[in-house]
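Below, each chain spelled out in residue letters.
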Amino acid sequence: MTKKIILITFLLTFISCKSYGELTVNEVISRAEELNGKKVTINGFFSAGIFYENRDAYENFTAEFLKVPILGEWKEGYYKHCKSKNVLITGVYTKLDLKGELGNYLFDITEFRPVDLPDINCLDFLEPWD
Amino acid sequence: MSASSQDQPLDTRIQSRPTEGKIGKYSQDPNAGDKEFQKILLRSRGDIAAEIELAKANKDRARLGLEVGVAIYQDGDGYTASRPSTDVPTGKAIGSNHLNLIDASPVPIKNAKAIVIYNPYKVRSVKARYENYMRLSKRLNAPVYVTSMYSRSEVFIHSDVKNDRSNK
């Protein structure tokens, strides 16, 4: 019985973590209420701490973006492999009420991979602040 | 290891290569002789610094690790500034002009005299964002003043920014 409970708990946890699949920035923002506080993997264009739907959205300064606070300094590998390109980022989507500021964030990043180089985890190039 | 070229003041290196290829060029402060502008610029930097200190004190994860900026607008013979926000580096601020700074949603910045940005990173990361600052300057048709705690303040002005704006 105990084993079954453990198995069911594990499966439910696994499903809750994985059920969203790969999303786009616009999909996440349009499903903000549902996804708030959930761990998601997003495919989009990342530049200077901002995560856009794609390069066009970045170039056109669209209003739909996620802020991705980076608490550290990037090392050389980041600039070589990860800077200003399409990436997959996994983190916790959080919608915050910030007295008028746009409050779509991605916190607690656990994966950050260039789409064209999926074996590279860009977080390996991050030197966290003290 | 001794200080590398990454630790040198930014402007030393920029001045040795005054153009940024197709995306624009670096320039000296076009508002250097405008005392009123320099006052609001100084005050804006102070407002941003206060915002950053507050964020540090509160361990505000929505502010730390992001650039914070202010938009400066012409206001008659003087200037006024938006409140510090992490939206400004994305080209948005509260209110589209100086008359409307207190209502709810950020909107695209229009008719700004200048943008002031604080970059919380070290020189290499600041340098990696040159393209972003030029892009922002072009988009907003205004100079972008960038301050970092590790380097001197810099002004980024895209070559498409009209001279009459910077000479107002």
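The structure contained in this document is the topic of the report that follows. (Residues numbered from 1 in each chain as written. Chains lettered and ligands numbered in written order. Predicted model: local features only at pLDDT ≥ 70, side-chain atom pairs only at ≥ 80, totals over all residues. Heavy atoms only, no water.)

1. So, the overall build of chain B
- Within chain B, the regular secondary structure consists of 5 helices and 8 strands.
- Looking at chain B residue by residue over its 168 residues, the buried ones come to 51%.
- Across chain B, the fraction of contacts at a sequence separation of at least 24, relative to all contacts at a separation of at least 6, is 55%.
- Entry remark: accessible area of chain B is about 8200 Å², with carbon and sulfur atoms responsible for 50%. (Helix = DSSP H or I, 4+ residues; strand = E, 2+ residues; numbered from the N terminus. Buried < 20%, exposed > 50% of the residue type's maximum accessible area, 1.4 Å probe, protein only. Contact = heavy atoms within 4.5 Å. Areas by Shrake-Rupley, 256 points an atom, 1.4 Å probe, with all protein chains shown as cover.)

2. Re the side chain of E51(B)
All names here are of chain B.
- Here E51 shows up in helix 2 (residues 35–58).
- Engagement of the side chain of E51 in a polar contact is seen with the side chain of R63, the distance being 3.0 Å.
- When neighbours within four sequence positions are excluded, E51 is seen to be in contact with R63, V68 and P84. (Polar contact = N/O pair within 3.5 Å; in protein donor to acceptor, adjacent residues only side chain to side chain.)

3. Some thoughts on the interface of chain A and chain B
- Each side of the interface is counted separately: chain A has 36 residues, and chain B has 30 residues.
- Roughly 2700 Å² is buried in total at the junction of chain A and chain B, and carbon and sulfur atoms are behind 50% of that figure.
- Looking only at chain A, the three residues that lose the most surface to chain B are F61(A), E73(A) and E101(A), adding up to 26% of its buried area.
- Viewed at the interface, chain B and chain A are joined by 2 salt bridges.
- Two residues, R55(A) and E131(B), come together in a salt bridge whose shortest N-O distance is 3.9 Å.
- Residue classes in the side of chain A that touches chain B are distributed as 19 nonpolar, 7 polar and 10 charged. (Buried area = accessible area lost by both parts, 1.4 Å probe. Salt bridge = Lys/Arg side-chain N within 4 Å of Asp/Glu carboxyl O. Nonpolar A, V, L, I, M, F, W, Y, C, P; charged D, E, K, R; others polar.)

4. Comments concerning the pattern of salt bridges
- What the rule picks out here adds up to 11 salt bridges over all chains.
- In this structure, the salt-bridge partner of R63(B) is D60(B), at a minimum N-O distance of 3.9 Å.
- Taking relative accessible area as the criterion, D60(B) reaches 23% and is therefore assigned partly exposed.
- Linked by salt bridges that have partners in common, R55(A), E59(A) and E131(B) make up one network.

5. Thoughts on the environment of E67(B)
Residues and elements named next belong to chain B.
- Mapped onto the secondary structure, E67 falls in the loop between helix 2 and strand 2 (68–75).
- E67 sits 52 residues away from N119 along the chain, and the two C-alpha atoms are 5.0 Å apart.
- Looking at E67, its side chain comes within polar contact range of the side chain of Y133, at 2.4 Å.

6. Re unusual backbone geometry
- You will see that A48(A), though not glycine, has its phi angle at about 50 degrees, which is positive.
- Tracing the backbone through its elements, the reader meets A48(A) in the loop between strand 2 (39–47) and strand 3 (50–52).

7. Comments concerning the nonpolar core
All names here are of chain A.
- Counting residues in each nonpolar core, the largest one holds 29 residues, and the members touching the most others are F46, F51, Y78 and F112.
- Contributions of two or more residues to this core are made by helix 2 (25–30), helix 3 (32–35), strand 2, helix 5 (76–81), strand 6 (85–95) and strand 7 (104–114).
- With sequence-adjacent residues up to four places away left out, F112 is seen in contact with F46, W74, Y78, C82, V87, L88, I89, I120, N121, C122 and L123. (Core = buried A, V, L, I, M, F, W, Y, C linked by side-chain atoms within 4.5 Å.)

8. What about the packing of aromatic side chains?
- This structure, assessed with the given rule, holds 15 aromatic pairs over all chains.
- Relative to Y79(A), the ring of Y78(A) lies with its centre 5.3 Å away and its plane at 85 degrees, an arrangement referred to as edge-to-face. This pair shows no difference in class: Y78(A) is buried, exactly as Y79(A) is.
- Members of the aromatic cluster, connected to one another through ring pairs, are F46(A), F51(A), W74(A), Y78(A), Y79(A) and F112(A).
- Over the ring of F107(A) we find R61(B), and its NZ or CZ is 3.9 Å from the ring centre.
- Positioned above the aromatic ring of F61(A), the side-chain terminus of R135(B) is 4.0 Å from the ring centre. (Phe/Tyr/Trp six-rings, centres within 6.5 Å; stacked < 30°, edge-to-face > 60°. Lys NZ or Arg CZ within 6 Å of the ring centre and 35° of its normal.)

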